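Below, each chain spelled out in residue letters.
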Amino acid sequence: MVCGSKKKSYLKSQNLKIFGQGKLNGIVQISGAKNSALVLLTASLLTNERIILENVPRLTDIEKMRNILENLGVNLIDKNNKLEIDSKNISIKELPYELVNGLRASFFCIGAILTKFGEAKVPLPGGCDIGSRPIDEHINGLEALGAEIIIEEGIVKAKIKRKKNKLHGTHIKLNFPSVGATETLIMAASLAEGRTIIENAAREPEIQDLCQMLNKMGARIYDAGKEKIIIDGVNKLGGCTHKVIPDRIEAGTFLIAAAATSSSITISPVIPHHLEAVINKLQESGSKINIKGNSITIIGKEIKGVDIYTAPFPGFPTDLQAPFTALMTIAKGESKITETIFENRMNHINLLKKMGASIKLNKNIAYIKGVQTIKGMDLVGSDLRSSAALIIAGIIAEGISKIYGLDHLDRGYENFESKLEKLGIKISREFNHKTFGGKSYKIETKSEEMSKFRAA
Ligand code: UD1
């Protein structure tokens, strides 16, 4: 029996087979940040000149964003992890539903398209099924900048009805430091007339990365990474070369996997202060951490139960809550995991319980009593980060696990299983030929060489 998905939509044709009780050892290379790369691709719409983006991870989310840009008329040349982006021939200001479906970051294009062309039509966003994820902060901010917005049949239609087709600088105070809304509004304000101040802005490293690239393009953005960001609009933006920052969430996932198996690994390249909240919690739970330049070494020891409380940066990232919960299932003592950012980000809890974890869930708070060991089984990940958590659980567990729902995993982790395999985990992707019979299905498994598989 495969546990975990009420929907039948997950990818049954692939799974990761994991031999449990593994140990990690060695050095792992961290890819470029998914969430940075997505918004930087969007920002390339703001100029007619060429943008060269380096260190772009190969992921299905990035592939989707590329398709969206190409559909708008952007010319993209792919050289390994480097993308050359030429947006000078954009003719369409409308994103088609079929392409944006399932990619929340596609909505963040609205600010760039609107400010550059005076109008934009973008379908309401999708993404991971982790809560309602409204867009009111994006809409209110764009309206404050002078856009007229209506939502019709699931499409957000925005227009600038002012002389010269330009948004105007203004003072915006976000009710919540939304990452996406801060990004949308920074891009919109970068070509507006006059000064925009965004208060209660998100401070995530990906926002700082966006502002750095925009400033290279000629924008005048001050205090990115602080609660109050100032943007002096400019008439036009130019080209640049920019390297995507390392993915702090991928980095954190590997550190947690090492801690969960009392292993020692080095991750590189990383920007250590992006991981401060995670490092603090790993140290508190018993791991030793050494930081040297752009690499972090973790020496996993005994695991003690600690409490975590997710919060906007620099707090503990919601994207690492699920992986950290997997670690806590086998910690000594008790721990309390509080999710504060998304209302439905506890999908992994029931599955971890099926594996033998002792967890009580009360709304968005998980109370965990550490157990000696959990048991391997077949499970379906239902969102990106819960899939990563299940893989960590599979590595910890006794016996074999098969993790399905890899379409979620492939959205956000570049070559995850081959990186784990290089670190010594017995893991392989199986490609299945399935036959359905009534309500159940039978899977005949055919393993293939890892090297043949490409995530995106
Ligand atoms: C981004 C990240 C995601 C991460 C999240 C929080 C990308 C592509 N995704 O998502 O990986 O988990 O930040 O760090 O960068 N909200 C509103 N109104 C809005 C916008 C958001 O109420 O207009 C709420 C959301 O429902 C959610 C919270 O704010 O509860 C956080 O959302 P936000 O920071 O916007 O996350 P995303 O940008 O969608």
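Residues numbered from 1 in each chain as written. Predicted model: local features only at pLDDT ≥ 70, side-chain atom pairs only at ≥ 80, totals over all residues. Heavy atoms only, no water.

Kindly report on the site of the ligand, identifying the contributing residues and their values.
Near the ligand there are 19 residues, and of these Arg104, Asp136, Ser178, Asp319 and Ile341 occur at the shortest range. Within the contact set of the ligand, an oxygen atom lies 2.8 Å away from a backbone nitrogen or oxygen of Gly180. Burial of the ligand by the surrounding chains reaches 89%, relative to a free accessible area of 740 Å². If you list the elements that add at least two residues to the shell around the ligand, you get α5 (136-144) and α6 (179-190). Across the shell around the ligand, the residue classes tally to eight nonpolar, five polar and six charged. Taken domain by domain, the shell around the ligand gets at least three of its residues from each of domain 1 (6-31 + 246-431) and domain 2 (34-243). (Near = heavy atom within 4 Å. Polar contact = N/O pair within 3.5 Å; in protein donor to acceptor, adjacent residues only side chain to side chain. Areas by Shrake-Rupley, 256 points an atom, 1.4 Å probe, with all protein chains shown as cover. Helix = DSSP H or I, 4+ residues; strand = E, 2+ residues; numbered from the N terminus. Nonpolar A, V, L, I, M, F, W, Y, C, P; charged D, E, K, R; others polar. Domains from an automatic or database assignment.)

Describe helix α11 (residues 347-354), listing the residues and the values that go with them.
Within α11, burial applies to His348, Ile349, Leu351 and Leu352. Looking at the residues trailing α11, positive phi occurs at Gly356, about 115°. (Buried < 20%, exposed > 50% of the residue type's maximum accessible area, 1.4 Å probe, protein only.)

Run through the sheet that holds strand β12 (residues 229-232), naming residues and quoting values.
Sheet strands line up and pair through hydrogen bonds in the backbone, either parallel or antiparallel. Spatially, β9-β10-β12-β11 is the arrangement adopted by the four strands of the open sheet, whose pairing is mixed. In this open sheet, the two edge strands, each paired with only one partner strand, are β9 (171-173) and β11 (220-222). Neighbour to neighbour, the strand axes of the sheet diverge by 15° on average, direction disregarded. One ladder, built from three bridges, connects β11 with β12; its direction is antiparallel. Across the sheet, the residue bridging to Tyr222 is Ile230, located in β12. (Pairing = 2+ DSSP bridges. Axes fitted to C-alpha atoms, helices over the stretch in contact; angles between N-to-C directions.)

So what's going on with a positive patch on the surface? Residues and values would help.
The grouping of Lys353, Lys354, Lys360 and Lys369 at the surface amounts to a positive patch. Its location among the elements puts Lys353 in helix α11. (Patch = residues over 30% accessible without salt bridge, like charges linked within 9 Å, V, L, I, M, F, W, Y side chains within 5 Å. Salt bridge = Lys/Arg side-chain N within 4 Å of Asp/Glu carboxyl O. Lys, Arg positive; Asp, Glu negative; His and termini not counted. Charge placed at Lys NZ, Arg CZ, Asp CG, Glu CD.)

Would you mind going over the pairing of strand β3 (residues 51-54) in detail, with residue names and values included?
One ladder, built from three bridges, connects β3 with strand β5 (residues 82-86); its direction is antiparallel. When the sheet's bridge partners are listed, Ile52 is paired in β5 with Glu84. Here β3 runs beside strand β13 (residues 240-243); their pairing, made up of four bridges, is parallel. Considered in β13, the bridge of Glu54 is made with Lys243.

Can you lay out the packing of helix α10 (residues 321-328) against helix α12 (residues 384-396) for me, pointing to particular residues and giving the numbers?
One can describe the packing of α10 onto α12 by two numbers: an axis separation of 7 Å at closest approach and a directional angle of 20°. When the interaxial angle is binned, α10 and α12 end up roughly parallel. Along this stretch, α10 crosses α12, giving a crossing that reads as right-handed. Between α10 and α12, the residues in contact are Ala322, Pro323 and Ala326 and Arg385, Ser386, Ala388, Ala389, Ile392, Ala393 and Ile396, respectively. Its residues assigned to classes, the contact of α10 with α12 comprises eight nonpolar, one polar and one charged. (Parallel < 35°, antiparallel > 145°, perpendicular 65-115°, else oblique. Left-handed = near helix turned anticlockwise from the far one by under 90°. Contact = heavy atoms within 4.5 Å.)

Quick one: what's the story with empty space enclosed by the protein, residue by residue and with numbers?
Under the defined criterion, the tally for this structure stands at three cavities of 30 Å³ or more. Counted as a void, the largest cavity has a volume near 80 Å³. If you go around the largest cavity, you meet 12 residues; those closest to its centre are Pro57, Arg58, Ile62, Arg66 and Asp78. Considering each element in turn, the lining of the largest cavity owes the most residues, three residues, to helix α2 (residues 60-72). Of the residues in the lining of the largest cavity, the class split is six nonpolar, two polar and four charged. Together, Arg248, His273, His274, Leu275, Glu276, Ala277, Val278, Phe313, Pro314, Gly315 and Pro317 line the second largest cavity. Broken down by element, the lining of the second largest cavity gets its largest block of residues, three residues, from helix α9 (residues 276-284). (1 Å grid on protein atoms, 1.4 Å probe; cavity = no way out; pocket = protein on both sides within 12 Å on 5 of 7 lines; lining within 4 Å. Points joined across faces, edges and corners; volume = space filled by probe spheres on them.)

Go over the nonpolar core with me, naming the residues and quoting the values.
Inside soluble globular proteins, nonpolar side chains tend to come together where they are buried. Core analysis: the largest hydrophobic core is formed by 73 residues, its most contacted members being Leu41, Leu45, Leu46, Leu53, Leu142, Ile186 and Leu214. Sorting elements by how many residues they give to this core places helix α1 (residues 34-43) first, with six residues. In this view, Ile186 contacts Ile198, Ile207, Leu210, Cys211, Leu214, Ile221, Ile229 and Ile231; residues no more than four positions away in its chain are not counted. Counting residues in each nonpolar core, the second largest holds 67 residues, with Ala326, Ala366, Ile368 and Ala389 among its members. (Core = buried A, V, L, I, M, F, W, Y, C linked by side-chain atoms within 4.5 Å.)

Describe the domain arrangement of the protein chain, listing the residues and the values that go with them.
In terms of domains, the protein chain is made up of domain 1 (6-31 + 246-431) and domain 2 (34-243). The centre of domain 1, based on its C-alpha atoms, is set 30 Å off from the matching centre of domain 2. Listed per partner, the contact involves 24 residues of domain 1 and 24 residues of domain 2. Approximately 2,000 Å² of surface area, both sides summed, lies buried where domain 1 meets domain 2, with 51% of it carried by carbon and sulfur atoms. (Buried area = accessible area lost by both parts, 1.4 Å probe.)

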